[in-house]
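For reference, the chains in residue letters:
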Amino acid sequence: AFDVAKGAASQLAVHRQPGHGRVMHLLPTQPAVEVQDAGGNIIHDWVGKVNVSIRMDGTPFHPALPPNGAAQLLGATDAYLYEGVAYFWNLKLDEMGRDFTLRFEAEPALSEAESAPFSVFGEHATALRILTLPSAVRAT
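Let me begin by describing the structure that accompanies this report. As the structure is a prediction and not an experimental result, all values here were calculated from the model.

Let us look at the overall build of the protein. On a plain count of helices and strands, the protein comes out with zero helices and eleven strands. Put simply, the protein runs from its N terminus to its C terminus through helices and strands in the order β-β-β-β-β-β-β-β-β-β-β. By its C-alpha atoms, the protein is 85 × 30 × 25 Å across when sized along the principal axes. The buried share among the 140 residues of the protein stands at 31%. Across the protein, every contact between residues at least 6 apart in sequence was considered, and the portion connecting residues at least 24 apart equals 64%. Only carbon and sulfur atoms are counted for the fraction: they give 55% of the accessible area of the protein, which is about 8900 Å². Charged side chains in the protein number 10 positive and 15 negative. The centres of these two groups are separated by 14 Å.

In structure tokens:
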């Protein structure tokens, strides 16, 4: 038998990616981030804080839709840290779009991590709006 020596905490790695969601609803899969050494081992006794923010705003689903403003990430942006894993539990976004990414940063500083892209969809349609009328309309 032998023991594997772990190094000092040096990086964050996304353990659980955020899932696609709906505007102003909790993301159905909340992210979790590991504190790791350079070899990818979880550092269970690390003491610090892990924070999340929007890395990249989503883009509109259709070219006719206006671009997103600055979407806000709502909920507790500081994680609950347990055994080297930072858990987020109530994150949601206030804008819809595709290809949002999240940035995870630690204090004291470690190499940051970025989530995979995910989408946030709108609510169920309640109205139909015509954006552009046909150029030539002829009654028959």
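Let us now look at the sheet that holds strand β3 (residues 32–36). Read across the open sheet, the four strands follow the order β1-β3-β7-β6; overall the sheet is antiparallel. A single partner strand is all that each edge strand has here, and the edge strands are β1 (11–16) and β6 (80–82). Each strand axis lies, on average, 30° off the axis of its neighbour in the sheet, ignoring direction. Two strands pair when backbone bridges link them, and β6 and strand β7 (residues 85–87) are joined in this way by three bridges, in the antiparallel orientation. Paired with Leu81 across the two strands is Ala86, which belongs to β7.

Summed over all chains, the structure comprises two salt bridges. Across the pair Arg55 and Glu114 runs a salt bridge whose closest N-O atoms are separated by 3.1 Å. Of the two residues, Arg55 is situated in strand β4 (residues 49–56) and Glu114 in strand β10 (residues 113–114); the sequence distance between them amounts to 59 residues. Across the pair Glu112 and Arg103 runs a salt bridge, and its minimum N-O distance is 3.4 Å.

One pass over the structure, following the stated rule, counts two aromatic pairs. With a centroid separation of 5.7 Å and an interplanar angle of 45°, the aromatic rings of Phe88 and Phe104 are classed as tilted. With a gap of 16 residues between them, Phe88 in the loop between β7 and β8 (92–93) and Phe104 in strand β9 (residues 97–107) connect regions that are remote in the sequence. Look at Phe104 and you get buried, because its relative accessible area is 0%.

If you look at the biggest cluster of nonpolar residues, it comprises 25 residues, and the most contacted ones within it are Leu12, Phe88, Leu93 and Phe104. Of all the secondary structure elements, the ones that give two or more residues to this core are β3, β4, β9 and β11 (118–121). Counting residues per element, this core draws most heavily on β9, at four residues. Setting aside chain neighbours within four positions, we find Phe88 in contact with Arg16, Gln30, Pro31, Val33, Val50, Asn51, Val52, Ala76, Thr77, Asp78, Ala79 and Phe104.

Turning next to the pairing of β11. As paired strands, strand β2 (residues 21–22) and β11 are joined by two bridges and run parallel to one another. In the strand pairing of β11, Arg22 is matched with Phe121. Two elements, β9 and β11, share two bridges in a ladder whose sense is antiparallel. Counted as the bridge partner of Gly97 is Val120 from β11.

Quick notes on the rules
Residues numbered from 1 in each chain as written. Predicted model: local features only at pLDDT ≥ 70, side-chain atom pairs only at ≥ 80, totals over all residues. Heavy atoms only, no water. Helix = DSSP H or I, 4+ residues; strand = E, 2+ residues; numbered from the N terminus. Buried < 20%, exposed > 50% of the residue type's maximum accessible area, 1.4 Å probe, protein only. Contact = heavy atoms within 4.5 Å. Areas by Shrake-Rupley, 256 points an atom, 1.4 Å probe, with all protein chains shown as cover. Lys, Arg positive; Asp, Glu negative; His and termini not counted. Charge placed at Lys NZ, Arg CZ, Asp CG, Glu CD. Pairing = 2+ DSSP bridges. Axes fitted to C-alpha atoms, helices over the stretch in contact; angles between N-to-C directions. Salt bridge = Lys/Arg side-chain N within 4 Å of Asp/Glu carboxyl O. Phe/Tyr/Trp six-rings, centres within 6.5 Å; stacked < 30°, edge-to-face > 60°. Core = buried A, V, L, I, M, F, W, Y, C linked by side-chain atoms within 4.5 Å.

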